[in-house]
Amino acid sequence: MTIELGVVMDPLEGINIHKDSTFAMLREAQRRAWHIHYLQPSDIFLQDGVIMGHTARISVRDDPVNWAEVQARTTRELGGLDVILMRKDPPFDMEYIYTTFLLERLQQSGVLVVNDPASLRDTNEKLFATCFAECTVPYVVSRNRQALEHFVDEHKEAVVKPLDGMAGDLVFRVRHDDPNRGVILETSTQHGSRSVMAQKLIAEYREGDKRILLIGGEPVPHALVRVPAAGELRANLAKGGTPKAAALTERDRWICEQIGPELKARRLDFVGIDVIGDYLTEINVTSPTGIRELDKMCGLNIAAILFDWIEKRLGQAQEPD
């Protein structure tokens, strides 16, 4: 039976296939002869109790100039799909949340949605990491300047970042004796109107920020290590970080063992965690990246591992009680 796959993602014209994990998923789906239906969040709508979508069949090739062939859009009931990949990048705003409500209705009708829509809403990528205290460094979450200043004074150096940020945007390093500390905290919190997370600075950040991908709660055996440029705190590839691959350490695997059962319970099937030194810093659930780089450097096919997991999930759903 051919699987009908819906992929909710950003506009095709903004995709860089050299590093886009969704592109890797599209290639693997095509290799398996799945029918791929492309749509953006704005294409999904609810009409008289039925979730509908303006979709287009899509085929792909590994050609940066002409990588996608898109057929004419049609309007269809999305309940006819077998599985939907929610791969829309942040911002995680109200429109994103509204989309998860619609996808949740689809899930209730029997469509497999990866990742689980309710868990996408409930699992803030910064705050979720704090559920595993044994894996994290000291932190504080607040928009109160006094609380943040007290934390910086206590730990001497901290990294401050917004709870809804991505790609290293608005991430600051703050020292207790920095004369610009007040300005940094005002900027980060937008004068006390936005909550941020402050984490104790992990000295090993110079060695790189590991992205570890987990599928069905189990880690891929290699991590994507993003090494920051000289003089830069942020290791994000979008901010000039250099990628390399590394086998998981014993500590990495231990961290994955601590969080894996919760990922399974929340039906977060494809997740990317960030680890610096020995510590978990974030759990990324919206549209984790790293597939293309790890596939190339390690000879992997991570999308195939994910789709094997999806086929297993679909098979379990079809088994009689």
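Right, let's talk about the overall build of the protein chain for a bit. Secondary structure summary: the protein chain contains 8 helices and 18 strands in total. Against the globule reference of 20 Å for 321 residues, the protein chain gives a C-alpha radius of gyration of 20 Å, in line with a compact fold. Here the protein chain holds 321 residues, and the buried ones make up 51% of them. Long-range contacts, defined here as pairs at least 24 residues apart, represent 67% of the contacts in the protein chain between residues at least 6 apart. As presented, the protein chain carries roughly 14,900 Å² of accessible surface, and 48% of it is formed by carbon and sulfur atoms. A distance of 3 Å separates the average location of the 38 positive side-chain charges in the protein chain from that of its 48 negative side-chain charges.

This part is about the environment of Arg253. On the secondary structure map, Arg253 appears in helix H6 (residues 250–265). Separated by 41 residues in the primary sequence, Arg253 and Ile212 place their C-alpha atoms 9.7 Å from one another. Apart from the residues within four sequence positions on either side, Arg253 is in contact with Pro219, Pro221 and Leu248.

Before going further, it helps to examine a nonpolar patch on the surface. A surface patch of nonpolar side chains, amounting to about 310 Å² of accessible area, comprises Met94, Tyr98 and Phe101. In this fold, Phe101 is placed in helix H2 (residues 94–108).

Moving on, we get to the pairing of strand S15 (residues 222–227). Pairing of strand S13 (residues 209–215) with S15 involves 3 bridges; the strand directions are antiparallel. Across the sheet, Arg211 pairs through a bridge with Leu224, a residue of S15. Across 6 bridges, S15 lies against strand S16 (residues 242–247) in antiparallel orientation. What sits directly across from Ala223, in S16, is Ala246.

The subject of this paragraph is helix H7 (residues 291–298). Among the residues of H7, those classed as buried are Ile291, Arg292, Glu293, Leu294 and Asp295. Just downstream of H7 lies Gly299, where phi reads positive at about 65°.

We now examine H2. An α-helical turn contains 3.6 residues, so any two residues separated by three or four positions project in the same direction. Across its 15 residues, H2 extends 21 Å between first and last C-alpha, which sits within 8% of the 21 Å expected from 1.5 Å per residue. Listed as buried for H2 are Tyr96, Ile97, Thr99, Thr100, Leu102, Leu103, Glu104, Leu106 and Gln107. Elements that come into contact with the buried residues of H2 comprise strand S3 (44–47), strand S4 (50–60), strand S7 (83–86), strand S8 (112–114) and helix H3 (117–122).

In terms of nonpolar packing, the biggest core is built from 35 residues, with Met25, Trp67, Leu85, Phe270, Ile302, Phe307 and Ile310 touching the most fellow members. With 6 residues, the single largest contributor to this core is helix H8 (residues 302–318). Beyond its immediate stretch of four places on either side in the chain, Ile310 contacts Trp34, Val83, Leu85, Leu112 and Val114. Listed in part, the 34 residues of the second largest apolar core include Leu39, Ile84, Ile212 and Cys256.

What follows deals with the state of the cysteines. Structurally, a disulfide amounts to a covalent bond that connects the sulfur atoms of two cysteines. This model, assessed by the stated rule, comprises 0 disulfides. Its sulfur unpaired, Cys298 is 15 Å from the next cysteine sulfur, which belongs to Cys256. Judged by its relative accessible area of 23%, Cys298 falls in the partly exposed class.

Time to look at the environment of Thr249. Along the chain, Thr249 turns up in the loop between S16 and H6. C-alpha separation for the pair Thr249 and His222, spaced 27 residues apart in sequence, amounts to 9.2 Å.

So, about unusual backbone geometry. At the junction of Val114 and Asn115, the peptide bond is cis and its omega measures out at 0° in the coordinates. By the element assignment, Asn115 lies in the loop between S8 and H3. Backbone geometry places Ala33, a non-glycine residue, at a positive phi of 65°. Tracing the sequence through the fold places Ala33 in the loop between helix H1 (21–31) and strand S2 (35–39). Positive phi, close to 55°, is recorded for Arg267, a residue that is not glycine.

With antiparallel pairing, 4 strands are arranged side by side in an open sheet as S9-S12-S10-S11. Two strands close off the open sheet at either side, each with one partner strand: strand S9 (139–142) and strand S11 (172–175). With strand direction ignored, the average angle separating the axes of adjacent strands in the sheet is 25°. Relative to strand S12 (residues 196–200), strand S10 (residues 157–162) runs antiparallel, the two being bridged by 5 bridges. Looking at S12, one finds that Pro162 is bridged to Val196. Strands in contact with helix H4 (residues 145–155) are S9, S10, S11 and S12; relative to S12, the strand with the most contacts, it is inclined by about 10°.

Basis of the calculations
- Here the residue index of a chain counts from 1 through its sequence in written order.
- Per-residue local features are limited, in this predicted model, to residues with pLDDT of at least 70; the limit for side-chain atom pairs, both in listing and counting, is 80 or more; totals at the level of whole chains, interfaces and linings are taken over all residues.
- Just so you know, side-chain values use all the structure's heavy atoms and leave hydrogens and water out.
- By definition, any uninterrupted DSSP run of H or I lasting at least four residues is a helix, any uninterrupted run of E lasting at least two residues is a strand, and each is numbered from the N terminus.
- Here the globule rule is a power law, 2.2 Å times the number of residues to the power 0.38, and the radius of gyration is based on C-alpha atoms.
- Burial here depends on accessible area, computed with a 1.4 Å probe over protein chains only, as a share of the maximum for the residue type. Under 20% is buried, over 50% is exposed, and the range in between is partly exposed.
- The contact criterion used throughout is that any non-hydrogen atoms of two residues lie within 4.5 Å.
- Accessible surface is estimated by sampling points in the Shrake-Rupley manner with a 1.4 Å probe; for residues, cover comes only from the protein chains shown.
- Counted as positive: Lys and Arg. Counted as negative: Asp and Glu, with His and the chain ends omitted from the count.
- The atoms used to mark charge sites are NZ of Lys, CZ of Arg, CG of Asp and CD of Glu.
- Residues qualify for a patch when their relative accessible area is over 30% and they have no salt bridge, like charges being joined within 9 Å and the nonpolar side chains of Val, Leu, Ile, Met, Phe, Trp and Tyr within 5 Å.
- A pairing counts as a salt bridge when a side-chain nitrogen of Lys or Arg comes within 4 Å of a carboxyl oxygen of Asp or Glu.
- We call two strands paired when DSSP finds no fewer than two bridges between them.
- A helix's residues, less one, multiplied by 1.5 Å, set its expected span.
- Remark: nonpolar core denotes a set of buried residues (Ala, Val, Leu, Ile, Met, Phe, Trp, Tyr, Cys) joined through side-chain atoms within 4.5 Å.
- Disulfide assignment relies on a single distance test, namely cysteine sulfur atoms paired within 2.5 Å.
- Structural elements are reduced to axes, namely lines fitted to C-alpha atoms, with helices fitted over the stretch in contact, and the angle between N-to-C directions of any two is expressed from 0 to 180 degrees.

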